[in-house]
Each structure stands twice: as C-alpha cells, then as structure tokens.
Amino acid sequence: MKQEMLFSGIGGQGIMMLGEILCNVAGAAGYKATFAPFYGQEKRGGRTMCHVVIADGMESPIISEAKVMLVMDEKSLADFQHMMAADGTLIVNSSMIALEPACTCGAVKKVPFYELAAELGNSKTANMVALGYLMRYLPFLSLEAVAGEVKEAFKAKPKVVPLNVKALELGYGYEK
C-alpha cells in the first residue's frame, strides 16, 4: 500500500497541522509516513504546501503524483493540479475556489469547508472539517485514532478540543 497526498493553502489555514496529524496516526498504526513541508517566503499569508506519503515500506517524501489532493485556495489549485494522479481524488475548498479544475483526475469533490466550520461557530476549524472529509479517502486509518491525535494536538488549549473533534466529525459525515 502506498498513498501519495498533497495538501496546500494559505499560511494560517492549518495545512501543516493536518499533515502532521495524519503522519502521527499512520506511524502509530504501523505504516511508514513521511511529511515534507514547503513554505512561501512571506512572513504571513504565504503559500504552504506539504507532501504526505503513507506506505507499508519507506518511500520518498516527495510525491510523484497525488492520489489525494486537498487545495484550500485558488492559487494552490492553479499551482498544483498538474500533480494529480489520473485516477486520484481532488478535494477543493469551494468556500474559496470558484475556478473549475483543469486537470484530469478520477474525481473532483467540492466542499465548503469554511461554511461548514462557521456552522459550528468558528471558521478556524475549517482545517479539521477538511481533515474529517479527507478521512473518507483513507480507509486504512481510523477516524477514532485521528480524533485522538486531534485531542493531543490541541491539549494546550483544552477549551477548543471538543469543537475541533466536532469539526472533524462534521467533515467526515458531510455528504454533497
């Protein structure tokens, strides 16, 4: 088993946290996981992107093509859609992306992550909504294990833990 993924957005959208959580859960489940973060040169609001590879054995941390790609803004879509696998799934944050993808891939899923997060009362949980939705395409990892890692990631801010777990569950259960 080998799953190559790419996640991208604007600094502050929680893209790196999402990738780190997945790698931690995959490692705990016995898989080899690599996390390769890339940051823009800007201090704030710059481009962030990470490659995540989860496999049975050690693999390159840099993907050749994404089986699953999550893009949170239009520039990320424009910059990285060419890296989609022909049979891959492109997950688009329809809250910030109006452009139609130009790439050929197996499926394009448009999900309003910010609107869903706002329904919970805090749009800052959009990355957890996205992570929950993403879990539908990673059946080899359990949602319960990811929820446990989310709790661990936010343990320094215990008041926000229930909201982030709820956002994760909302994303997982979202149907369009």
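Placed above this text is the structure.
Residues numbered from 1 in each chain as written. Predicted model: local features only at pLDDT ≥ 70, side-chain atom pairs only at ≥ 80, totals over all residues. Heavy atoms only, no water.

> Can you walk me through the packing of aromatic side chains in this structure?
Aromatic ring pairs are described here by two measures, namely the spacing of the ring centres and the angle between the planes. Throughout the structure, instances matching the rule amount to four aromatic pairs. Residues Y31 and F140 carry aromatic rings whose centres are separated by 5.4 Å and whose planes lie at 65 degrees to one another, so their mutual orientation is edge-to-face. Taken together, the positions of Y31 in the loop between helix 1 (15-28) and strand 2 (32-39) and F140 in the loop between helix 4 (126-134) and helix 5 (143-153) put the pair 109 residues apart, joining distant regions of the chain. Seen in terms of ring centroids, F113 and Y133 are 6.3 Å apart; in terms of plane orientation they differ by 65 degrees. Their pairing is edge-to-face. Remark: Y133 occurs in helix 4 and F113 occurs in helix 3 (residues 113-119); sequence separation between them is 20 residues. (Phe/Tyr/Trp six-rings, centres within 6.5 Å; stacked < 30°, edge-to-face > 60°. Helix = DSSP H or I, 4+ residues; strand = E, 2+ residues; numbered from the N terminus.)

> Help me understand the nonpolar core, please; the structure alone is not making it clear to me.
Across soluble globular proteins, nonpolar side chains have a tendency to be buried as a group. In terms of nonpolar packing, the biggest core is built from 42 residues, with F7, L22, F113, L131, L134 and V150 touching the most fellow members. With eight residues, the single largest contributor to this core is helix 1. The residues touching F7, leaving out its near neighbours within four places in the chain, are I15, L18, G19, L22, T48, M49, C50, V52, L70 and L134. L6, L90, I97 and C105 belong to the second-largest nonpolar core, a separate cluster that totals 16 residues. (Core = buried A, V, L, I, M, F, W, Y, C linked by side-chain atoms within 4.5 Å. Buried < 20%, exposed > 50% of the residue type's maximum accessible area, 1.4 Å probe, protein only. Contact = heavy atoms within 4.5 Å.)

> Which parts of the structure should I look at to understand the pairing of strand 1 (residues 2-10)?
For strand 1, a buried count of seven out of nine residues is recorded, marking the element as mostly surrounded by other parts of the structure. Here strand 1 pairs with strand 4 (residues 66-71) via four bridges, running parallel. The residue bridging M5 from the neighbouring strand is V68, located in strand 4. (Pairing = 2+ DSSP bridges.)

> Just checking my understanding: could you explain the pattern of salt bridges for this structure?
Side chains carrying opposite charge are able to pair once their charged atoms draw close together. Scanning the entire structure with this criterion turns up eight salt bridges. Measuring nitrogen to oxygen at the nearest pair gives 2.7 Å for the salt bridge that ties K67 to D87. Here K67, found in strand 4, pairs with D87, found in strand 5 (residues 84-93); they are 20 residues apart in sequence, far enough to count as distant. On the basis of relative accessibility, which here comes to 32%, the residue K67 falls in the partly exposed class. A salt bridge links K110 to E100; its shortest N-O distance comes to 2.4 Å. Of this pair, K110 sits in strand 6 (residues 107-111) while E100 sits in the loop between strand 5 and strand 6, placing them 10 residues apart in sequence. Beyond isolated ion pairs, a larger network of salt bridges with shared partners links R47, D73, K75 and D79. (Salt bridge = Lys/Arg side-chain N within 4 Å of Asp/Glu carboxyl O.)

Interpretation in functional terms is not warranted from these geometric data alone.
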